[in-house]
Amino acid sequence: MTNEELDPVIHVPARLRIVVTLAALPPGDDLSFTRLQDVIGLTPGNLITHLRKLEDAGYVSTEKNGSGVSARTAVALTNTGRAALDRYTTVLRQLLDSAAPS
Amino acid sequence: MNDEGGTTGGTDMDDAPALDPQGAAAILQQARDRARRELAVRRPVLFLIWAVVVFVGYGAMWLSVRGQHPYRGPAWEALLLAFLLFVAAAGASANVVDRAASGVGGRSELQRGIFALALLAGFIALEIEKQALATAGASRPVTALFGAAIPLLVAGLVLLASCATASQLDWPRLAIGGWLLAVAAGGVWGGVVTSLAVYALAGGAGIALMAVIEPHVRRS
C-alpha cells in the first residue's frame, strides 16, 4: 500500500476538511457557501478553487438559489463523494496500520 | 461561483507540502470534531431545558393543588409560571437549534419544519378534544387529568414518529419519546393531583437523565 493510493482529489488539507465537513451532514442535506466557509476557515477564493476541483471530480454539487442579497449557494456532498471519502478513510487506516510497529 | 465568494484567486493548497498519512488522519479527526461541534444540535442542552420546564412547571401545579377538597384546579400563579417557562424554553430551544442549523438546508430543514408543525397540531387537536370532553359533560377533574397529560402525550408521540424519518436509528429520541408516553399513560392512574407529581418527577428526571447519557450513547 503506498501514499499514491490515497485519492489525490481528497488528499489535500483544505479539500479533506471540506469533504469531511459535508459528510457530517445527513444524506439529502446541504450547507450554504458562507456557513461552509465559516466552519472550514478558508477565504472565499480558496474555497471556490477547492470546490471547483471537487465538483469536477463529481464529489460535490453546488446549486445557486435566488439572486442579489438573498442569493444562497448550497454545497452538498454527492453519493460519489461520500463513497470516495469512505474509500479514502479505509486506505488511510490501512496505511497507518501498516506503518504502526507490530 | 457566486456572489457570496466575491474573490477568485487565492492560493491553491495543492502547492502545500505533501501530506503524510499521520497528518491526514489528524486533519480528518479535527475536521470531524469541528463539524460535529458546529453542525450538530446540542441535544443535552435541549434536554436540560425541557427537564427544568417539566419539573418546575408540573411541580408548581402539583404544589398548588395538593390538599384541595374538592378539586378546584391549579392556582393562576402556577399556570402562569408553567406558561412562561414553556415560552422561554421554546425560545431557548429555537436558539440552540438555529445555532447549529444555520446554513443547513435540504431534508433536515424540512424535517424540522414538520416536527414543529406536528407538535403545534398535536397540542391544538388535543386541546380541542379536551374542550369537547367538557362540553359533553366531563367533570373538571376528568378534563384536568386529560389536559395535564397532553404535553407529554404530544411530545412523546411526535418524538417517536420523527424517528421514522431519521437517517439512522436515534436511540435517545426513541427512548425519551417512549418514556414520555409511558409517564403520561402511567401517571394518569394516580388521579388528578398525584399525576402532576408523577409528571414532574418521572418526566423531569427521565429527560434530565437523557441529557446526561445522550453524549455517551451518541459516541458509542
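Residues numbered from 1 in each chain as written. Chains lettered and ligands numbered in written order. Predicted model: local features only at pLDDT ≥ 70, side-chain atom pairs only at ≥ 80, totals over all residues.

A few words on the overall build of chain A. Each helix and strand in chain A was counted, giving four helices and three strands. From first element to last, N terminus to C terminus, chain A shows the α and β order α-β-α-α-β-β-α. Each principal axis of the C-alpha atoms in chain A carries an extent, and together these give about 60 × 25 × 20 Å. Of the contacts formed within chain A by residues at least 6 apart in sequence, a portion of 56% connects residues at least 24 apart. (Helix = DSSP H or I, 4+ residues; strand = E, 2+ residues; numbered from the N terminus. Contact = placed C-beta atoms within 7 Å.)

Attention now goes to the overall build of chain B. Regarding its fold elements, chain B presents seven helices and one strand. Each helix and strand of chain B, placed in order from N terminus to C terminus, yields the pattern α-α-α-β-α-α-α-α. Taken over the C-alpha trace, chain B has a radius of gyration of 23 Å; the compact-globule value for 220 residues is 17 Å, which it surpasses by more than 25%. Oriented by its inertia axes, the alpha-carbon framework of chain B measures out at about 80 × 35 × 30 Å. Within chain B, the proportion of its 220 residues that are buried is 27%. Counting only contacts in chain B whose residues sit at least 6 apart along the sequence, the fraction spanning at least 24 positions is 70%. (Rg over C-alpha atoms; globule rule 2.2 N^0.38 Å. Buried ≥ 20, exposed ≤ 12 C-beta atoms within 10 Å, placed from the backbone.)

What follows concerns the environment of Glu127(B). Here Glu127(B) is to be found in helix H4 (residues 107-135). As for Glu127(B) and Leu160(B), which are separated by 33 residues in sequence, their C-alpha atoms are 20 Å apart.

What follows is about the environment of Arg93(A). Residue and element names in this part refer to chain A. By the element assignment, Arg-93 lies in helix H4 (residues 79-99). For Arg-93, a count of 12 C-beta atoms within 10 Å corresponds to the exposed category. As for Arg-93 and Asp-30, which are separated by 63 residues in sequence, their C-alpha atoms are 27 Å apart.

Another aspect to go through is helix H3 (residues 44-56) of chain A. Residues and elements named next belong to chain A. Taking 1.5 Å per residue as the helical rise, H3 with its 13 residues ought to reach 18 Å, and the 18 Å between its terminal C-alpha atoms agrees with that figure. When we look at burial in H3, the residues that qualify are Pro-44, Asn-46, Leu-47, Ile-48, Thr-49, His-50, Leu-51 and Leu-54. Backbone geometry just downstream of H3 places Gly-58 in the positive-phi region, at approximately 80°. (Expected span 1.5 Å × (residues − 1).)

Scored by pLDDT, chain B comes out at a mean of 89, with 91% of its residues at no less than 70. Two numbers describe this predicted complex: its pTM, 0.82, and its ipTM, 0.88. (pLDDT = per-residue confidence, 0-100.)

Before going further, it helps to spend a moment on the sheet that holds strand S1 (residues 29-32) of chain A. To summarise the sheet geometry, strands pair through backbone hydrogen bonds and adopt either a parallel or an antiparallel arrangement. Across the sheet, which stays open at both edges, the four strands sit in the order S2(A)-S3(A)-S1(A)-S1(B) with antiparallel pairing between neighbours. Strands with a single pairing partner mark the edges of an open sheet, and in this sheet they are strand S2 (60-65) of chain A together with strand S1 (104-106) of chain B. Across the sheet, the mean angle from the axis of one strand to that of its neighbour is 35°, orientation sign disregarded. Sheet strands touched by helix H1 (residues 13-23) of chain A: S1, S2 and strand S3 (72-77) of chain A. Its angle to S3(A), the strand with the most contacts, is close to 90°. (Pairing = 2+ DSSP bridges. Axes fitted to C-alpha atoms, helices over the stretch in contact; angles between N-to-C directions.)

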